[in-house]
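# Examination of the molecular architecture
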Amino acid sequence: MVQVPGAVDSLDAAPLTCAGVTTYKAVKVAGTRSSDFVAVFGVGGLGHLAIQYATIAGGRVVAVDIVEEKLELARELGAEFTVNAAKEDPVEAIQRLGGVNQAIALAVSPRAFEQAYGSLRRGGTLVFVALPADNAVKIPIFETVLQGITIVGSIVGTRKDLREVFELHAAGKTRVIRETRPLHEVNEAIADVEAGRVAARIVLEP
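How each quantity is defined
Residues numbered from 1 in each chain as written. Predicted model: local features only at pLDDT ≥ 70, side-chain atom pairs only at ≥ 80, totals over all residues. Heavy atoms only, no water. Pairing = 2+ DSSP bridges. Helix = DSSP H or I, 4+ residues; strand = E, 2+ residues; numbered from the N terminus. Right-handed = clockwise from strand over helix to strand, strands pointing away. Salt bridge = Lys/Arg side-chain N within 4 Å of Asp/Glu carboxyl O. Buried < 20%, exposed > 50% of the residue type's maximum accessible area, 1.4 Å probe, protein only. Axes fitted to C-alpha atoms, helices over the stretch in contact; angles between N-to-C directions. Parallel < 35°, antiparallel > 145°, perpendicular 65-115°, else oblique. Left-handed = near helix turned anticlockwise from the far one by under 90°. Contact = heavy atoms within 4.5 Å. Nonpolar A, V, L, I, M, F, W, Y, C, P; charged D, E, K, R; others polar.

Let us look at the pairing of strand β7 (residues 178–182). Here five bridges tie β7 to strand β8 (residues 201–205), and the two strands are oriented parallel to one another. Bridging from a neighbouring strand, R178 pairs with R201 of β8. Regarding topology, helix α8 (residues 186–194) serves as the crossover connection from β7 to the parallel β8, and that connection is right-handed.

The next point concerns the pattern of salt bridges. This structure, assessed with the given rule, holds 12 salt bridges. Here R178 makes a salt bridge to D9, at a shortest N to O gap of 4.0 Å. One end of the pair, R178, is in strand β7; the other, D9, is in the segment before α1 (10–30), and 169 residues separate them in sequence. For D9, a relative accessible area of 37% corresponds to the partly exposed category. Bridged by salt links that share partners, the residues K28, K160, D161 and E164 form one connected network.

Quick look at the packing of α1 against helix α7 (residues 159–170) now. Closest axis-to-axis distance for the α1/α7 pair is 9 Å, and the angle between their directions is 110°. Between α1 and α7, the crossing angle belongs to the class labelled roughly perpendicular. In this structure, the crossing between α1 and α7 has a hand that is right-handed. Along the contact surface, α1 presents D12, A13, L16, T17, G20, V21, Y24, K25 and K28, while α7 presents K160, D161, L162, E164, V165, F166, L168 and H169. By residue class, the composition of the contact of α1 with α7 is eight nonpolar, three polar and six charged.

Take a look at the structure:
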């Protein structure tokens, strides 16, 4: 059990205990360090926090999504570059920038996972986080071996990770993008999330 610090709003704490600790751990698993270049595939409830944690770790971030408003949010939260995957190939766009040291796959699309793989430079690391319904991706064996690519899965985090997430938020280092709705609107909230009409997170109040 981890106590929510008094300096953390309870409505912020709700997303932090899920999306926050999950992406904080993913950045740790990725091994992001100062001067690393990091791609975050999927800017939403998870991605908007991953961008901030990667930046806190010292990384330079390129955010990838298909919704322009989410890319605007990514820039507000510290992304140095953004790519609209609905308008251009993110692999080509990121490789023009030199490729990334790490890519964090948060979009629930196998194609996004494959694009994240393609965005890596030699010796890069791809972190699997999202869980697409279509449970398969195509990864080339030769390139993985010859380029020294690492692929690793990351799920949630430890109590220690959560305490650190709360400490960072209490110190004003992160922002939770959320909207609140009454609990009786839960079905409408789910529909809005599935339709991509929500910037990041919805917190339901009883």
